[in-house]
Amino acid sequence: MGTSKILLCLALALVLFTVQASAQRCAGRRINPKKYLCCHGERVRVSSRRRSYSACCGNEVINTRRYGCCRGERFDLRDELCCEGKVTTDGGSLTHECCGDNTFVKREGKLCCDRNVVNGNPYTETCCGSEVINKFEERCCGNNENYNFHESVCCNRRIMDYPGGELEWMCCRKEIIHRNDPEAACCGGRRVYDPTSHQCCGTKTLLINSRKYGCCNRTDRYRLKSGECCNSTTVVDRGTCKKPETITAKPTKPTTKPAPTTPAKPTTEFVPTTKPETTGVPSVQQSINIPNYWLIQRWFEQWKRFFGMSGMSAQKQ
């Protein structure tokens, strides 16, 4: 068997493996998930255009943009809700929320605290167990116990009084440290370390000038003998990092010579001239500076005099 036949067989095997891996089964039969859905053991064909927003609900296919599924029952998202497995018509999913078996309008002075609808401003208040607290002054700690975080700190599900509260102090697992302490910091919320001699790498600490370990992107610790931080982002085996190539554009010489510039001609300012006083029939050059109606009127008077004088001479003869 030649090399080309071996390669052809391997390609066919790869294609068959890919088709089988991408296919799903519905009641023992393979189906293409891009064209079919399996709804309770029945194969249902769905167009590729609608596949992204189609889903099974019982024995039917629903449009998830408009309908929801509540334990195999279809409901309209515009005016119905599914609360604890039951469809309710008290309001739609866009305007209402569930609170136990009840529903309430979103953002209208109501909160759901411990499965009960209570009065409260959702913008400034929140729930701590069954109580409503001010989210800008209090927080919840441990077993739904509220505290003033401006004066106390919640650490390990316990409330401890500290001046300045959580604005100046912080809990690091079981210890409370000052946020501005130059010799104490919290690593990953689990470990207190000295930032002058150690560094935080994810959730672990290591010496700043460690000869054994290094830290990559402040999250991944690696051994200096076997690994390296490639491009300051990922840890790879030592010697396998490929640095990105920097492409610098070479300066190109101009192929065409710039056109010679000619000095601009000096512009002469227009100086208006005074109209000469004229008598008799105006010439063409003089008529340019005379308005049209004055020109017409003067011509009309001259022609009137001309025809009047010619008429008088004719009568005398």
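Residues numbered from 1 in each chain as written. Predicted model: local features only at pLDDT ≥ 70, side-chain atom pairs only at ≥ 80, totals over all residues. Heavy atoms only, no water.

For the rest of this paragraph, the subject is the packing of aromatic side chains. Evaluated as defined, the whole model comprises one aromatic pair. Between Y162 and W169, the aromatic rings sit 5.1 Å apart at their centres with planes inclined by 50 degrees, giving tilted as the arrangement. For Y162, a relative accessible area of 26% gives the class partly exposed. One Lys or Arg, R65, reaches over the ring of Y53 and ends 3.9 Å from the middle of that ring. Between R139 and the ring centre of F149, over which it is positioned, the NZ or CZ distance is 4.0 Å. (Phe/Tyr/Trp six-rings, centres within 6.5 Å; stacked < 30°, edge-to-face > 60°. Buried < 20%, exposed > 50% of the residue type's maximum accessible area, 1.4 Å probe, protein only. Lys NZ or Arg CZ within 6 Å of the ring centre and 35° of its normal.)

The next subject is unusual backbone geometry. Unlike most non-glycine residues, H40 shows phi in positive territory, near 55 degrees. Along the chain, H40 falls in the loop between β3 (36–39) and β4 (42–45). Residue class for H40 comes out exposed when judged on its relative accessible area of 65%. Phi is positive for R115, close to 65 degrees, though the residue is something other than glycine. Its place among the elements puts R115 in the loop between β13 (110–113) and β14 (116–119). (Helix = DSSP H or I, 4+ residues; strand = E, 2+ residues; numbered from the N terminus.)

Summed over all chains, the structure comprises 15 disulfides. Across the disulfide, C113 is cross-linked to C127 (sulfur-sulfur distance 1.8 Å). Residues C113 and C127 share a disulfide whose torsion about the S-S bond is about -70 degrees; that sign makes it left-handed. Residue C113 is found in strand β13, and its partner C127 is found in strand β15 (residues 125–128); the two are separated by 14 residues along the sequence. A sulfur-sulfur distance of 2.1 Å marks the disulfide that ties C187 to C200. Between C187 and C200, the disulfide has an S-S torsion of 75 degrees and is therefore right-handed. Note that C187 is positioned in strand β23 (residues 185–187) and C200 in strand β25 (residues 198–201), a separation of 13 residues in sequence. (Disulfide = S-S within 2.5 Å.)

Next up on the list: the side chain of T103. Relative to the helices and strands, T103 is located in strand β12 (residues 102–105). By relative accessible area, T103 is classed as buried at 18%. In this structure, T103 is in contact with L81, C83, T88, D90 and E97, ignoring residues within four places of it in sequence. (Contact = heavy atoms within 4.5 Å.)

On to the side chain of T88. Here T88 lies in strand β10 (residues 86–88). Within the local environment of T88, its side chain forms a polar contact with the side chain of D90, the two groups lying 3.2 Å apart. Setting aside residues up to four positions removed in sequence, T88 forms contacts with D79, E80, L81, C83 and T103. (Polar contact = N/O pair within 3.5 Å; in protein donor to acceptor, adjacent residues only side chain to side chain.)

Before going further, it helps to examine the pattern of salt bridges. Considering all chains together, one arrives at four salt bridges under this definition. With its nearest N and O atoms 3.0 Å apart, the salt bridge here joins D76 to R78. In this structure, the salt-bridge partner of E166 is R139, at a minimum N-O distance of 2.4 Å. Note that E166 is positioned in the loop between β20 (158–161) and β21 (169–172) and R139 in strand β17 (residues 138–141), a separation of 27 residues in sequence. What makes R139 partly exposed here is its relative accessible area of 36%. Each of R66, D76 and R78 takes part in salt bridges that share partners, so that together they form one network. (Salt bridge = Lys/Arg side-chain N within 4 Å of Asp/Glu carboxyl O.)

So, about a positive patch on the surface. The grouping of R173, K174, R190, R191, K204, K212, R221, R223 and K225 at the surface amounts to a positive patch. With respect to the helices, strands and loops of the structure, R221 is situated in strand β28 (residues 220–223). (Patch = residues over 30% accessible without salt bridge, like charges linked within 9 Å, V, L, I, M, F, W, Y side chains within 5 Å. Areas by Shrake-Rupley, 256 points an atom, 1.4 Å probe, with all protein chains shown as cover. Lys, Arg positive; Asp, Glu negative; His and termini not counted. Charge placed at Lys NZ, Arg CZ, Asp CG, Glu CD.)

Right, let's get into the confidence of the model for the protein chain. Looking at the protein chain, the pLDDT average stands at 78 and 73% of residues meet or exceed 70. Scored below 50 in pLDDT, residues 15–22 shows two contacts in the model against residues more than four places distant or in partner chains. Across residues 267–291, where pLDDT falls below 50, the model places 13 contacts with residues more than four positions away in sequence or in other chains. (pLDDT = per-residue confidence, 0-100.)

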